[in-house]
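Working through the structure, step by step
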Amino acid sequence: MKKLFLALAAAAFLVGCAAPITKVTGGSIVLAERLSVQGDAAWNQLPPHMSGQAPAAATWTVDGLALDTMNFYVGLKDGAQMGSVQQGKDTQPIVFKAAMQPHEVVTMFGNLYSRDGSSFALDKLEPAEFLGGKGYRFEYTVVRKADEVKLAGRGWATVRNGELHAITFTAPHKGFFPRHAAKVEKVATTASLKG
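Residues numbered from 1 in each chain as written. Predicted model: local features only at pLDDT ≥ 70, side-chain atom pairs only at ≥ 80, totals over all residues. Heavy atoms only, no water.

1. Observations regarding the pairing of strand 3 (residues 35-39)
Counting buried residues in strand 3 gives four out of five residues, a clear majority hidden from the surface. Examined bridge by bridge, strand 2 (residues 27-31) and strand 3 share five bridges and lie antiparallel to one another. Counterpart to Gly27 in the pairing with strand 3 is Gly39. Hairpin connection between strand 2 and strand 3: a loop of three residues separates the two successive antiparallel strands, and Ala32 in this loop has a positive phi of roughly 55°. When strand 3 meets strand 13 (residues 192-193), the two strands line up antiparallel, connected through two bridges. What sits directly across from Ser36, in strand 13, is Ser192. (Buried < 20%, exposed > 50% of the residue type's maximum accessible area, 1.4 Å probe, protein only. Helix = DSSP H or I, 4+ residues; strand = E, 2+ residues; numbered from the N terminus. Pairing = 2+ DSSP bridges.)

Have a look at this one:
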């Protein structure tokens, strides 16, 4: 419980910082000039460098990064590196390849979420419509190393014309994940590519 309290305090501190956090407006929102989603005013948008999830085009949160995080990946090209570009000398970079199959893309996200020593488990992977065409939906569990909090996650992805487009959402499985699941589902199901 003490660890969860510390995580909540850290999240509150981050939200209170004078960082360039912007309020998401309702209605249609365009990210990276290509991905259109329907948002609502519950979300706050952080620059990707604050979330540590580069090359995410945007990161949204309602209650703070330690409590809920939705990342948008738009048009990642073959060879794009996931996560921080600063890797330890023994750390292999996490790289997207356009020829990856769905399970390989999910494994890549698993490597991203576990690169700090957290554990990642894939719970479900299934075909699903995403961005108006064929894609896939996946569910996962992460046990965060820093505080041993169990997180639930959900993602949608597709590789189109050799580019990866994805949305992932992660939050503590009790309370925060169920609280925001419907809002996240709305964002994912309304997502479309411009042009």
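2. Let's talk about the sheet that holds strand 4 (residues 44-46)
Judged by pairing direction, the sheet is antiparallel, and its eight strands sit side by side in the order 1-4-5-6-12-11-10-9 without closing on themselves. Strands at the two margins of the open sheet, each flanked by one partner only, are strand 1 (22-23) and strand 9 (119-130). Bridge count for strand 11 (residues 150-160) against strand 12 (residues 163-172) is 10 bridges, and the pairing is antiparallel. Within the sheet, the bridge partner assigned to Arg154 lies in strand 12 and is Phe169. The sheet strands contacting helix 3 (residues 102-114) are strand 6 (69-76), strand 9, strand 10 (133-143), strand 11 and strand 12, and the helix crosses strand 9 at an angle near 140°. (Contact = heavy atoms within 4.5 Å. Axes fitted to C-alpha atoms, helices over the stretch in contact; angles between N-to-C directions.)

3. Side note on the environment of Asn71
Within the element layout of this structure, Asn71 appears in strand 6. Along the sequence, Asn71 and Ala58 sit 13 residues apart, while their C-alpha atoms lie 5.9 Å from each other. Looking at Asn71, its side chain comes within polar contact range of the side chain of Thr59, at 2.7 Å. (Polar contact = N/O pair within 3.5 Å; in protein donor to acceptor, adjacent residues only side chain to side chain.)

4. Brief notes about helix 4 (residues 176-190)
Under the 1.5 Å per step criterion, the end-to-end length of helix 4 is 22 Å for 15 residues, consistent within 8% with the ideal 21 Å. Approximately 40° is the largest bend angle found in helix 4, and it occurs at Ala182. When we look at burial in helix 4, the residues that qualify are Phe176, Phe177, His180, Ala181, Val184, Val187 and Ala188. (Expected span 1.5 Å × (residues − 1). Bend = angle between axes of the 7 residues up to and from the residue.)

5. As for the nonpolar core
Of all hydrophobic cores here, the largest spans 27 residues; its most connected members are Val37, Trp60, Met70 and Phe72. Top element by residues in this core is helix 4. It accounts for six residues. (Core = buried A, V, L, I, M, F, W, Y, C linked by side-chain atoms within 4.5 Å.)

6. Some thoughts on the side chain of Thr61
By secondary structure assignment, the location of Thr61 is in strand 5 (residues 58-61). By relative accessible area, Thr61 is classed as buried at 2%. For Thr61, the side chain forms a polar contact with the main-chain oxygen of Asp68, separated by 2.6 Å. With sequence-adjacent residues up to four places away left out, Thr61 is seen in contact with Ala42, Trp43, Asn44, Leu46 and Asp68.

7. So, the confidence of the model for the chain
This prediction gives the chain a mean pLDDT of 86; 83% of its residues lie at or above 70. Confidence drops under pLDDT 50 across residues 4-18; counting only partners more than four residues distant or on other chains, this segment forms 15 contacts. (pLDDT = per-residue confidence, 0-100.)

8. Quick word on the sheet that holds strand 3
The sheet built from three strands is open, its strands ordered 2-3-13 with antiparallel pairing. Each edge of the sheet is formed by a strand with only one pairing partner; in this case those strands are strand 2 and strand 13. Running over the sheet, helix 4 touches strand 3 and strand 13 and is turned about 145° from strand 3.

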